[in-house]
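Fold and geometry: a report
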Amino acid sequence: MDQLMELLRTRRTYRRFEQREISKEIVDEILTAARLASSAANRQPLSYIVIREPEKVADVFAYTRWAGALPPEQGQPKEGERPVLFIAVVENLDINRDCDTDAGLAISNMTLAAWNKGVGSCMIGACDKAALSQMFGLTENQKLHTVVAFGYPSHVSRIVDMESPEEFKYYLDKNRDYVVPKRKLADVVRYL
Ligand SMILES: Cc1cc2nc3c(=O)[nH]c(=O)nc-3n(C[C@H](O)[C@H](O)[C@H](O)COP(=O)(O)O)c2cc1C
């Protein structure tokens, strides 16, 4: 398998991390990957807030919810497993009000660039956006799209074929590694 496909296959969502700092060089590379992303009309309405100081990371973590498919005692990272970095993705509505796709592309670039350096990630839609927006000092023209958590993973995540349409929930195996069912290609593709 070529390198890009291998990167895409293994760049999964990770939810438990080593307590090891991510270097400034890698953080810069992650942010550069976001900067390089495509954007509608090249307006580039997104900006990024980097949270690296341990106390501030803990403050942000308190407003995040993890692994909705699992009971909290299984999915919520415990002390010693938590991410060491958050990057908040902010939509600047005065530049473009309709930029959720831009944000998705930027997040995809960031998580791939991170994984290329062995850094795992979890994008967190389920966060208290009102509280975080206040913490970040966002203005009324700035909308928090999401926060993305990063760290060196301390577990594995693997994909399995989804055998029935209802079996979309990811789960933990006996090693507490994530297993993520994906719909088979034949179930999602139609040729005209
Ligand atoms: C828009 C979006 C929002 C997400 N929000 C959360 C979240 O709040 N908490 C969480 O633990 N995972 C979150 N995830 C991660 C998904 O649960 C994960 O992508 C999915 O289970 C498939 O796993 P994979 O990324 O390894 O393919 C989110 C993913 C996406 C695309």
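Residues numbered from 1 in each chain as written. Predicted model: local features only at pLDDT ≥ 70, side-chain atom pairs only at ≥ 80, totals over all residues. Heavy atoms only, no water.

1. Examining the pairing of strand β2 (residues 85-92)
- Burial analysis of β2 places 8 of its 8 residues in the buried class, which makes it a mostly covered element.
- On β2, burial covers both faces: L85, I87, V89 and E91 on one face and F86, A88, V90 and N92 on the other are all buried.
- Sheet topology note: the β2/strand β4 (residues 142-151) ladder contains 8 bridges and is antiparallel. Bridge pairing in β4 links L85 to F150. (Buried < 20%, exposed > 50% of the residue type's maximum accessible area, 1.4 Å probe, protein only. Helix = DSSP H or I, 4+ residues; strand = E, 2+ residues; numbered from the N terminus. Pairing = 2+ DSSP bridges.)

2. As for the packing of aromatic side chains
- Throughout the structure, instances matching the rule amount to 4 aromatic pairs.
- The interplanar angle of 70 degrees and the centroid separation of 6.3 Å between the aromatic rings of F17 and W66 together place this pair among those described as edge-to-face. Of this pair, F17 sits in the loop between α1 (3-10) and α2 (24-35) while W66 is found in the loop between α3 (54-61) and α4 (72-75), placing the two residues 49 residues apart along the sequence. Considered together, F17 and W66 belong to a single accessibility category, that of buried residues.
- Consider the rings of F61 and W66, whose centres lie 5.9 Å apart with planes at 40 degrees: the pair is tilted.
- Here a set of aromatic residues connected by ring pairs shows up, and it is made of F17, F61 and W66.
- Across the ring face of Y170, the terminal group of R15 is positioned such that the distance to the ring centre comes to 4.5 Å. (Phe/Tyr/Trp six-rings, centres within 6.5 Å; stacked < 30°, edge-to-face > 60°. Lys NZ or Arg CZ within 6 Å of the ring centre and 35° of its normal.)

3. Digging into the packing of α2 against helix α5 (residues 100-116)
- Contact geometry of α2 with α5 gives a least axis separation of 8 Å together with a crossing angle of 150 degrees. The way α2 lies across α5 gives a crossing that is right-handed. Contacts from E29, I30, A33 and A34 in α2 reach A106, N109, M110, A113 and A114 in α5.
- Of the residues assigned to the contact of α2 with α5, the class counts are 7 nonpolar, 1 polar and 1 charged. (Axes fitted to C-alpha atoms, helices over the stretch in contact; angles between N-to-C directions. Left-handed = near helix turned anticlockwise from the far one by under 90°. Contact = heavy atoms within 4.5 Å. Nonpolar A, V, L, I, M, F, W, Y, C, P; charged D, E, K, R; others polar.)

4. Here we look at the domain arrangement of the protein chain
- Annotation of the protein chain at the domain level lists domain 1 (3-154) and domain 2 (156-192).
- Using only C-alpha atoms to locate each centre, domain 1 and domain 2 end up separated by 23 Å.
- Taken together, the contacts link 14 residues of domain 1 with 12 residues of domain 2.
- Counting the surface lost from both domain 1 and domain 2, the interface buries some 1100 Å², and carbon and sulfur atoms represent 50% of this.
- Sorting the residues of domain 1 by area buried against domain 2 places R12, R16 and A69 first, and these three jointly supply 47% of that buried surface.
- Seen at the junction of domain 1 and domain 2, the total is 1 salt bridge.
- A salt bridge links E81 to R176; its shortest N-O distance comes to 3.4 Å.
- The interface formed by domain 1 and domain 2 holds 4 residue pairs in polar contact (both at pLDDT 80 or more) in total. (Domains from an automatic or database assignment. Buried area = accessible area lost by both parts, 1.4 Å probe. Salt bridge = Lys/Arg side-chain N within 4 Å of Asp/Glu carboxyl O. Polar contact = N/O pair within 3.5 Å; in protein donor to acceptor, adjacent residues only side chain to side chain.)

5. Details of the side chain of E91
- Structurally, the position occupied by E91 is in strand β2.
- Among the residues examined, E91 registers a relative accessible area of 0% and is labelled buried.
- Ignoring anything within four residues of it in the chain, the contact list for E91 reads P45, L46, C99, D100, A103, N141, Q142, K143 and H145.

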